[in-house]
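# Descriptive structure summary
Listed below, chain by chain, are the residues.
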Amino acid sequence: MSDRKWWHGATGYQIYPRSFADSNGDGIGDIPGIISRLDHLEDLGIGFVWLSPVYASPMADNGYDISDYEAIAPEFGTMADFEWLVSEARARGIGIVMDLVVNHTSDKHAWFKAAKRTPGSNMHDFYVWRAPGLDGGPPDDQQACFGGSAWHFVPALGKYYFGYFSAAQPDLNWQNPALRAEIYAMMNRWYDRGIAGFRMDVISLIGKDIDARQHEEGPYLHKFLQEMTRETAAGRDIVTVGESWSVSTDTALLYCGRNRGELDMVFQFAHVKEGWDEDRGKYHPKPFDLVAFKKVFNEWQAALSEDGWNSLFLTNHDLPRHVSRYGNDGEYRVRSARAWATVLHLMKGTPFVYQGEEIGMTNIEFSRIEDFRDIETLGHYMEQMEKGVPFEEFLAGANANGRDNARTPMQWDAGQRAGFTTGDPWIAINPNHDTVNAASDKEDSNGVFQHYQRLIALRKSEAVVVDGRYTPFLKDHPTVWAYTRSLNGQRLAVIANLSDESTSLETPEDLHIEGGAVSWSISPRTEIGDRIDLEPWEAIAVLDGEFARVS
Ligand code: GLC
Ligand code: CA
């Protein structure tokens, strides 16, 4: 592929800084802590880190509420620490991708303070204001994602501002060209500090038309993304990934088509939302349906096969741990973590590992409201209690799909505080760290970490993993995922039993393969024939013998 970029063959790793590694015992992860653990990432073989926000912030939404784009939050470190991180990571061949949160700022940002103080000022128009409705209440009934009205009253002005997530996160007014210029200049300063790109928070919201109530993928979105790329990314060898909860296979290429001049990839959530109850939403997960889940991935693989590029992920800081959601976090924890990794990492796209997934971390179970920290979960709690929903029902939903599941501290070792901190952690550490931890897992050649290592290495050594055409098989099989990748006569075949039961099945001819060395690195089996017996959570990947090569 002539227009191959470094990130096509790289694997990303997301760090949620608050929960990764605490260097000074205040219970909060920080940048020096990250630096002290860079060897772990180098061992894993990743090419870049997506660093969740480390900017100055009152932390209403753990940094997704920025009060100063040009400063580091003191609890995370200093700008000097950040620059040290960039250079230490670079020395290990790892780029740092920052989180760009520009749909909104914090209500403590200097722009918003000025906007509130001086209604006639330029900065007033950096945000979205409306007069009260006829009854003196909010202008309309638009709701905030984290609960309550999306309109927030400022008594001194007699006006409301729009905060689509919460009152602490006022939306920026992208219609204002001076605001856009400020954002682009800020992005360029970060690029000049040597970062490898941006992951763009809820970027599909920036083109919104609030009065038309069109938030996602509004009429101005692609115009703004094209302008942003022209003004910031053009000519730089960086990667951009935009988060979009609404993007579909119909709109994906509008963002990441080769000639669009917008983004390199999108994070799409069709597979995640597939698991939610259509009417009642994320806190009411449906039983896992592999056929529907495969269909989403198969469609995305097809939609971006010639143009655009997929991002591949099963979890992040907003989602439950995927071993708990889609695997088995009890008896088959390690096997199910390995099987899901095999299926995901051998698809076409850039895989993202969320901190802890490489050692098979699981959801936590909370029993009291005091245990939860997440603004979204707490907002949901208030709403549910007002509606008279029983606490147990709220709790079941929050434990199943709440964002705190992914945010409990990284489990480095079996020590009392999991090697994360010497102090009181800001959120509870999962008690299973006595058995689920990096120190013990990394030693185990049948563990999760070494399996991720092998998959990541395979992507680097085998072009077919990067560029091969994806062909799905057994689409309607309820527990088995099977596909091939092919490139210039080279083939890779993958088959995985994603269930607790052994299964025996006939396989289609085009899936048959006889291979060599790659298979032993992923599983001890080297062929897929007419019939195959698969153990619970067994995943096999076989590369054509002739080409087989393991780095
Ligand atoms: C994104 C982030 C999430 C945050 C929200 C508002 O979805 O991933 O953590 O709460 O945007 O910034
Ligand atoms: Ca700290």
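Up top you'll find the structure we're talking about.
Overview of the structure. For clarity, every value in this text was computed on a predicted model and none was experimentally measured.

Rules behind the numbers
- Sequence order sets the numbering: in each chain, residues are counted from 1 along the sequence as written.
- Think of it this way: whatever chain is written first is A, whatever ligand is written first is 1, and the rest follow in order.
- For a predicted model such as this one, the threshold for reporting local features is a pLDDT of at least 70, and the threshold for listing and counting side-chain atom pairs is 80 or more; totals across whole chains, interfaces and linings nevertheless cover every residue.
- For the side-chain quantities, the full set of heavy atoms in the structure was used; hydrogens and water were omitted.
- Strands here mean DSSP runs of E at least two residues long; helices mean DSSP runs of H or I at least four residues long; both are numbered from the N terminus.
- For the radius of gyration, the atom set is restricted to C-alpha positions; the globular benchmark scales as 2.2 Å times the number of residues to the power 0.38.
- A simple rule labels every residue: compare its accessible area, found with a 1.4 Å probe on the protein chains alone, to the largest value its type can have, and call it buried under 20%, exposed over 50%, or partly exposed in between.
- Here, two residues are considered to be in contact whenever any of their heavy atoms come within 4.5 Å of each other.
- Surface accessibility follows the Shrake-Rupley procedure with a 1.4 Å probe radius. Residue values consider only the protein chains on display as shielding.
- Positive: Lys, Arg. Negative: Asp, Glu. His and the chain ends are not part of the count.
- Charge positions are represented by NZ for Lys, CZ for Arg, CG for Asp and CD for Glu.
- Side-chain atoms alone can form a polar contact between residues adjacent in sequence; in general such a contact is a pair of N or O atoms within 3.5 Å, and within protein one must be able to donate a hydrogen while the other accepts it.
- By convention a nonpolar core is built from buried Ala, Val, Leu, Ile, Met, Phe, Trp, Tyr and Cys residues, the set being connected through side-chain atoms within 4.5 Å.
- Water is not among the atoms examined, so metal sites may look incomplete; donors are the N, O and S atoms within 2.8 Å of the metal, or within 3.2 Å for Na, K and Ca.
- The nearness test applies per residue and asks whether one of its heavy atoms lies within 4 Å of the molecule or strand.
- Gly is placed with the polar residues, together with every amino acid not listed as nonpolar (Ala, Val, Leu, Ile, Met, Phe, Trp, Tyr, Cys and Pro) or charged (Asp, Glu, Lys and Arg).
- Paired strands, in this sense, are two strands between which DSSP finds at least two bridges.
- Axes, fitted as lines to C-alpha atoms, cover a helix only where it is in contact. Angles between the N-to-C directions of the axes lie from 0 to 180 degrees.
- Stacked, tilted and edge-to-face are the three classes assigned to paired rings of Phe, Tyr and Trp, where Trp is represented by its six-membered ring and a pair needs centres within 6.5 Å; plane angles under 30 degrees give stacked, over 60 edge-to-face, the rest tilted.
- Our definition puts a charge over a ring when NZ of Lys or CZ of Arg is within 6 Å of the ring centre and also within 35 degrees of the ring normal.
- Here, a salt bridge means any Lys or Arg side-chain nitrogen found within 4 Å of an Asp or Glu carboxyl oxygen.

### Looking at the overall build of the protein
The secondary structure content of the protein amounts to 18 helices and 23 strands. Against the compact-globule benchmark of 24 Å for 551 residues, the protein has a radius of gyration of 23 Å, which places it among compact chains. If one aligns the C-alpha atoms of the protein with their principal axes, the spans along those axes are about 75 × 50 × 45 Å. Taking all 551 residues of the protein together, the buried fraction comes to 61%. Taking the contacts inside the protein whose residues are at least 6 apart along the sequence as the reference set, 69% of them involve residues at least 24 apart. On the protein, roughly 20500 Å² of surface is accessible, and the fraction owed to carbon and sulfur atoms is 48%. The centroid of the 52 positive side-chain charges in the protein is displaced by 4 Å from the centroid of its 81 negative side-chain charges.

### Topic: the side chain of D22
Within the fold, D22 resides in the loop between β1 (12–15) and α1 (31–36). Looking at D22, its side chain comes within polar contact range of the main-chain nitrogen of N24, at 3.1 Å. Here the side chain of D22 touches G27 through a polar contact of 2.7 Å, landing on its backbone nitrogen.

### Some points on the nonpolar core
In this structure, L51, F82, W174, F198 and W481 are the most contacted members of the largest nonpolar core, which totals 145 residues. Counting residues in hydrophobic clusters, the runner-up holds 14 residues, among them A482, A493, I513 and L534.

### Quick word on the coordination of the calcium ion (ligand 2)
Distances from the calcium ion (ligand 2) to its protein donors, D22 (OD), N24 (OD1), D26 (OD), I28 (O) and D30 (OD), fall within 2.2 to 2.3 Å. In the primary structure, the donors to the calcium ion (ligand 2) are separated according to the pattern D-x1-N-x1-D-x1-I-x1-D. Look at D26 and you get partly exposed, because its relative accessible area is 36%.

### Focus on the site of ligand 1
Contacts to ligand 1 come from 13 residues, most closely from D61, D201, E243, H317 and D318. Between ligand 1 and the protein, one listed contact pairs an oxygen atom with a side-chain N or O atom of D201 at 2.7 Å. A distance of 2.9 Å separates an oxygen atom of ligand 1 from a polar side-chain atom of E243. For ligand 1, whose free accessible area comes to 310 Å², the fraction covered by protein is 97%. Taken together, the residues that form the shell around ligand 1 break down as four nonpolar, two polar and seven charged.

### Comments concerning the sheet that holds strand β10 (residues 239–243)
Strand order in the open sheet formed by eight strands is β11-β10-β9-β5-β2-β1-β15-β14, with parallel pairing between adjacent strands. Each having just a single partner strand, β11 (265–267) and β14 (311–312) make up the two edges of the open sheet. Packing against the sheet, helix α3 (residues 79–91) makes contact with β2 (48–51) and β5 (95–100), and its axis sits at approximately 140° to β5.

### So, the environment of F153
Along the polypeptide, F153 turns up in strand β7 (residues 151–154). Residue F153 is classed as partly exposed on the basis of its relative accessible area, which comes to 41%. In this structure F153 touches P132, G158, K159 and Y160, once residues within four positions along its chain are discounted.

### Section: the sheet that holds strand β16 (residues 469–473)
Taken in spatial order, the four strands line up as β16-β17-β18-β23 in an open sheet, and their pairing is antiparallel. A single partner strand is all that each edge strand has here, and the edge strands are β16 and β23 (539–543). Within this sheet the neighbouring strands show an average axis-to-axis angle of 15°, counted without direction. In terms of strand pairing, β16 meets strand β17 (residues 480–487) through five bridges, oriented antiparallel. Pairing of P472 across the sheet is with Y483, part of β17. Sheet contacts for helix α9 (residues 290–303): β16 and β17; angle to β17, the most-contacted strand, approximately 15°. Across the sheet, helix α11 (residues 333–345) touches β17, β18 (490–497) and β23, and the angle it forms with β17 is around 35°.

### Overview of the environment of R130
Position of R130 among the secondary structure elements: in strand β6 (residues 129–130). In the structure, R130 is positioned 22 residues away from H152 in sequence and 9.8 Å away in space, judged by C-alpha atoms. If we skip the residues at most four places from it in the chain, R130 touches P139, W151, K159, Y160 and D211.

### Observations concerning the packing of aromatic side chains
Considering all chains together, one arrives at 44 aromatic pairs under this definition. Seen from their ring centres, W340 and W481 are 6.0 Å apart, and the 90° between their planes marks the pair as edge-to-face. Of this pair, W340 sits in helix α11 while W481 sits in strand β17, and the two are 141 residues apart along the sequence. On the basis of an interplanar angle of 65° and a centroid distance of 5.1 Å, the ring pair of Y381 and F394 is categorised as edge-to-face. Highlighted residues: Y381 in helix α12 (residues 375–386) and F394 in helix α13 (residues 391–401), separated in sequence by 13 residues. By relative accessible area, F394 is classed as buried at 1%. A cation over a ring is seen here: R18 above W426, with NZ or CZ 5.0 Å from the ring centre. The side chain of K442 reaches across the aromatic face of F449, ending 4.6 Å from its centre.

### Some points on the pattern of salt bridges
Side-chain pairs of opposite charge can arise where the charged atoms are in close proximity. Following the criterion strictly, the structure yields 34 salt bridges and no others. A salt bridge links E243 to R199; the nearest nitrogen and oxygen atoms lie 3.2 Å apart. With E243 in strand β10 and R199 in strand β9 (residues 197–200), this residue pair connects regions lying 44 residues apart in the sequence. Like E243, the residue R199 is buried in the burial classification. Here R407 and D374 are joined by a salt bridge, their closest N and O atoms 3.4 Å apart. Of this pair, R407 sits in helix α14 (residues 404–407) while D374 sits in the loop between β15 (350–354) and α12, placing them 33 residues apart in sequence. Among the charged side chains, a network of salt bridges with common partners joins D61, K282, D318, D374, E376, R403 and R407.

### A few points about the pairing of β15
Looking along a regular strand, one sees side chains alternate from face to face of the sheet. Counting buried residues along β15, five of its five residues qualify, which places the element largely inside the surrounding structure. The pairing of β1 with β15 spans three bridges and is parallel. Note on β15: the bridge partner recorded for G12 is F352. Both β14 and β15 contribute to a ladder of two bridges, which runs parallel. Its bridge partner being in β15, L312 is matched across the sheet by P351.

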